[in-house]
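Structural characterization, general
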Amino acid sequence: MIEPTALPDNLLLTNLKKVVNWARRNSLWPMPFATACCGIELMATASSRYDLARFGMERMSFSPRQADLMIVAGRVTIKMMPVLQHIYQQMAEPKWVISMGACASTGGVFDAYATIQGVDQFMPVDVYVPGCPPRPETLIEGIMAIQRIIDQEGLPPAGHRRPLKLAIEPNYVPKPQPVGVPVTVGGKGI
Ligand code: SF4
């Protein structure tokens, strides 16, 4: 942070596009469309341990109004898809979409006629976050990929919305299982 008294006679110059993108990347407002277990990990990502507020994203919007980041977390059925598309169309431009987890991206293990085998068949997906469910770290990596795109590419040209189709690599190495549980009796370990 710059102390106002340290540079009394100086100006900071930048261009408007950089300032707008800086503000936009730090205030992505999610529209959570959580239908199943991946939604629990999405909630964990917003909790104090992972703290989405660091990204200016603590305002989960349960309305498309002002939301600009759709996060589809969980399986989507054919009956739900028109609702999802409707919400997506009502979101503010420019907007981005994350497909979180195997079910949203491919239907997962639900290879059934009623389950959409990948939401990208019906809406543009920018980032695929793998896992069943993805850990919060992986979702955060997906969100940061969108932030980098906003920084580098600026705003998508109006009327030319194309899905970015970025796939995130899992970035979490699970510890060997089962882990030992320390047990003490009378102050002594056994
Ligand atoms: S990907 Fe796994 S955790 Fe996520 S909704 Fe499907 S079954 Fe649940």
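It should be noted that the structure appears before, not after, this text.
Overview of the structure.

What counts as what
Residues numbered from 1 in each chain as written. Predicted model: local features only at pLDDT ≥ 70, side-chain atom pairs only at ≥ 80, totals over all residues. Helix = DSSP H or I, 4+ residues; strand = E, 2+ residues; numbered from the N terminus. Rg over C-alpha atoms; globule rule 2.2 N^0.38 Å. Contact = placed C-beta atoms within 7 Å. Near = placed C-beta within 6 Å. Nonpolar A, V, L, I, M, F, W, Y, C, P; charged D, E, K, R; others polar. Buried ≥ 20, exposed ≤ 12 C-beta atoms within 10 Å, placed from the backbone. Pairing = 2+ DSSP bridges. Right-handed = clockwise from strand over helix to strand, strands pointing away. Arc of directions from axis to C-beta. Core = buried A, V, L, I, M, F, W, Y, C linked by C-beta atoms within 7 Å.

1. A few points about the overall build of the protein
Assigned secondary structure in the protein consists of five helices and seven strands. In terms of overall dimensions, the protein is more spread out than a globule: its C-alpha atoms have a radius of gyration of 20 Å, far above the 16 Å expected for 190 residues. Seen through its C-alpha atoms, the protein measures out along the principal axes to roughly 70 × 55 × 25 Å. The contacts of the protein with a sequence gap of at least 6 include a subset with a gap of at least 24, amounting to 81%.

2. Here we look at the site of the ligand
Contacts to the ligand come from Ala36, Cys37, Cys38, Gly74, Arg75, Gly101, Ala102, Cys103, Gly108, Cys132 and Pro133. A per-element tally of the shell around the ligand places helix H4 (residues 101-106) first, with three residues. The residue inventory of the shell around the ligand, partitioned by class, reads seven nonpolar, three polar and one charged.

3. As for the pairing of strand S2 (residues 69-73)
Taking burial as the measure, the five residues of S2 include five buried ones, the bulk of the element. Two elements, strand S1 (residues 30-34) and S2, share five bridges in a ladder whose sense is parallel. Bridge pairing links Pro30 to Leu69 in S2. For the segment spanning S1, helix H2 (residues 38-46) and S2, crossover handedness is left-handed.

4. Things to note about H2
The complete set of buried residues in H2 reads Cys38, Glu41, Leu42 and Thr45. Buried residues of H2, seen end-on, are gathered within an arc of 105° and therefore sit on one face of the element.

5. Here we look at the pairing of strand S3 (residues 96-100)
The element S3 is largely enclosed, with a buried count of five among its five residues. Of the two faces of S3, the one lined by Trp96, Ile98 and Met100 and the one lined by Val97 and Ser99 are each fully buried. Pairing of S2 with S3 involves five bridges; the strand directions are parallel. Bridged to Val72 within S3 is Ser99. Each parallel crossover has a hand, and the one from S2 via helix H3 (residues 81-90) to S3 is right-handed. Where S3 and strand S4 (residues 127-129) come together, three bridges link them in parallel fashion. The partner of Ile98 across the bridge, within S4, is Val127. Of the crossover connections in this fold, the one passing from S3 over H4 to the parallel S4 is right-handed.

6. As for the nonpolar core
Residues Leu69, Met70, Ile71, Val72, Ala73, Met100 and Ala104 are the most contacted members of the largest nonpolar core, which totals 36 residues. Other than its neighbours up to four places away in sequence, Met100 contacts Cys38, Leu42, Ile71, Val72, Ala73, Val129, Pro134 and Leu139.

7. Structural notes on the environment of Cys37
Mapped onto the fold, Cys37 is located in the loop between S1 and H2. Those residues in contact with Cys37 that sit more than four places away from it in its chain are Gly74 and Pro133.

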